[in-house]
Amino acid sequence: MSTRTAVVTGASSGIGAATARRLAEAGFHVVLTARRAEKLDALAKELAADGRSVAVYALDVTDRAAVDAFAAGLDAYPPVHVLVNNAGGALGTDPVATADPADWRAMFEVNVLGVLNVTQALLPALSSSGDGTIVVLSSTAGLATYEGGGGYVAAKHGAHVIAETLRLELNGHPVRIIEIAPGMVKTDEFALTRFRGDASRAEAVYAGVAEPLTADDVADTVAWAVTRPAHVNVDLLVLRPRAQASNYKVHREQ
Ligand code: 8X3
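Keep in mind the model is a prediction, meaning the values are calculated, not measured.

This part takes up the packing of helix α1 (residues 14–25) against helix α2 (residues 37–49). Between α1 and α2, the shortest axis-to-axis distance is 11 Å and the interhelical angle comes to 25 degrees. Regarding the angle of α1 to α2, the classification is roughly parallel. Two packed elements cross with a definite hand, and for α1 against α2 that hand is right-handed. Contact residues: α1 offers Ala-17, Ala-20, Arg-21 and Ala-24, while α2 offers Leu-43, Glu-46 and Leu-47.

Structural data, given as structure tokens:
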């Protein structure tokens, strides 16, 4: 195929980095974006050594001016066909009654406005490619709630609603919207960030779970979804480990 560009946000670690790897392997020119440039550089080096085509752009998706500048510079690349909105995360597990509004604001900023910023900025390029794909990495937290989920669940419901609304609004345009909603995924940073660096609380999330999903399990699904023929739209794909039947029902070995 002729060169197609995929932009991945939050590509410095976890699902974002794994998705960048998978898309690069699938032949995309991949633009890695995240706040931490040094991590992106290391990944880019690794991919380039394998003969993959990559570029790096340090970007905070919550900074609209920076996002607009990034989008303006994309003219230098081959047409942008794919945007993977992966940047996001959770902060805390406090109940609604006592949660810190600053945590809620930060989660809304990255999980909702971050998706909005990058999607709005890249939409003209995706549309003019003639065959654009926008992926929203939401979460099962975007489909159902749980105690202590409060702010994260609210934010991921926001991301889910962006995907649903955009699909309606772009009907008739050459851009499809794919939402991937993972359940329990064990990555280096998700739970650690949520528990503000408390490694034992982070580890307890996965205690006894035989095989939580890996970042690569999710990346494999993203790569599969975006490489379907252009007329095929995977609207919403929920994936969980076999040990997790719902946000509440998780089988743990004793
Ligand atoms: C992560 C899923 O269950 O930790 O997006 O909220 S959960």
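The subject of this paragraph is the sheet that holds strand β5 (residues 132–137). With parallel pairing, seven strands are arranged side by side in an open sheet as β3-β2-β1-β4-β5-β6-β7. The open sheet has two edge strands with one neighbour each: β3 (54–58) and β7 (236–239). Averaged over all neighbouring strand pairs, the angle between strand axes comes to 15 degrees, with direction disregarded. Across the sheet, helix α3 (residues 64–73) lies against β1 (5–8), β2 (29–34) and β3, angled at about 155 degrees from β3, the strand it touches most.

We now examine the site of the ligand. In the neighbourhood of the ligand, the contacting residues comprise Ser-139, Ala-141, Tyr-146, Tyr-152, Gly-183, Phe-190 and Arg-194. Interatomic distance of 2.6 Å between a side-chain N/O atom of Ser-139 and an oxygen atom of the ligand. Here an oxygen atom of the ligand sits 2.4 Å away from a polar atom, N or O, in the side chain of Tyr-146. Expressed as a share of its isolated accessible area of 250 Å², the protein-covered part of the ligand is 81%. Across the shell around the ligand, the residue classes tally to four nonpolar, two polar and one charged.

The phi angle of most residues is negative, glycine excepted, and most peptide bonds adopt the trans form. In this model, Arg-196 sits at a positive phi of 50 degrees, which is unusual for a non-glycine residue. By the element assignment, Arg-196 lies in the loop between α6 (190–194) and α7 (199–204).

What follows covers the nonpolar core. Counting 35 residues, the largest nonpolar core has Leu-23 and Ile-180 as the members making the most contacts within it. It is helix α8 (residues 215–226) that provides the largest number of residues to this core, a total of seven residues. Within the second largest apolar cluster, 34 residues are counted, among which are Val-7, Ala-141, Ile-162 and Ala-163.

Let's shift gears to the packing of α1 against α8. As a packed pair, α1 and α8 sit with axes 8 Å apart at the nearest point and diverge in direction by 45 degrees. With respect to each other, α1 and α8 are oriented oblique. Our pair here, α1 against α8, has a crossing hand that is right-handed. Of the residues in α8, those in contact with Gly-14, Ile-15, Ala-18, Thr-19, Arg-22 and Leu-23 of α1 are Ala-215, Asp-216, Val-218, Ala-219, Asp-220, Val-222, Ala-223 and Val-226.

Glancing now at the UniProt feature "domain: Ketoreductase" (unreviewed entry) in the protein chain. As annotated in UniProt, the feature "domain: Ketoreductase" (unreviewed entry) corresponds to residues 4–188 in the numbering used here. Taken end to end, residues 4–188 is 45% helix and 19% strand, and its first and last C-alpha atoms sit 30 Å apart.

Structurally, the position occupied by Arg-167 is in helix α5 (residues 150–169). The class for Arg-167 is buried, based on a relative accessible area of 17%. For Arg-167, the residues in contact, after removing those within four places along its chain, are Ile-177, Glu-179, Asn-233 and Asp-235.

Counted according to the given criterion, the structure contains two aromatic pairs. Centroid distance Tyr-57 to Phe-70: 4.6 Å. Interplanar angle 55 degrees. Geometry classified as tilted. Highlighted residues: Tyr-57 in strand β3 and Phe-70 in helix α3, separated in sequence by 13 residues. In this structure Tyr-57 comes out as partly exposed when scored by relative accessible area, which is 29%.

About the cut-offs
- Residues numbered from 1 in each chain as written.
- Predicted model: local features only at pLDDT ≥ 70, side-chain atom pairs only at ≥ 80, totals over all residues.
- Heavy atoms only, no water.
- Axes fitted to C-alpha atoms, helices over the stretch in contact; angles between N-to-C directions.
- Helix = DSSP H or I, 4+ residues; strand = E, 2+ residues; numbered from the N terminus.
- Parallel < 35°, antiparallel > 145°, perpendicular 65-115°, else oblique.
- Left-handed = near helix turned anticlockwise from the far one by under 90°.
- Contact = heavy atoms within 4.5 Å.
- Pairing = 2+ DSSP bridges.
- Near = heavy atom within 4 Å.
- Polar contact = N/O pair within 3.5 Å; in protein donor to acceptor, adjacent residues only side chain to side chain.
- Areas by Shrake-Rupley, 256 points an atom, 1.4 Å probe, with all protein chains shown as cover.
- Nonpolar A, V, L, I, M, F, W, Y, C, P; charged D, E, K, R; others polar.
- Core = buried A, V, L, I, M, F, W, Y, C linked by side-chain atoms within 4.5 Å.
- Buried < 20%, exposed > 50% of the residue type's maximum accessible area, 1.4 Å probe, protein only.
- UniProt positions renumbered as here; feature names shortened; annotations may be inferred.
- Phe/Tyr/Trp six-rings, centres within 6.5 Å; stacked < 30°, edge-to-face > 60°.

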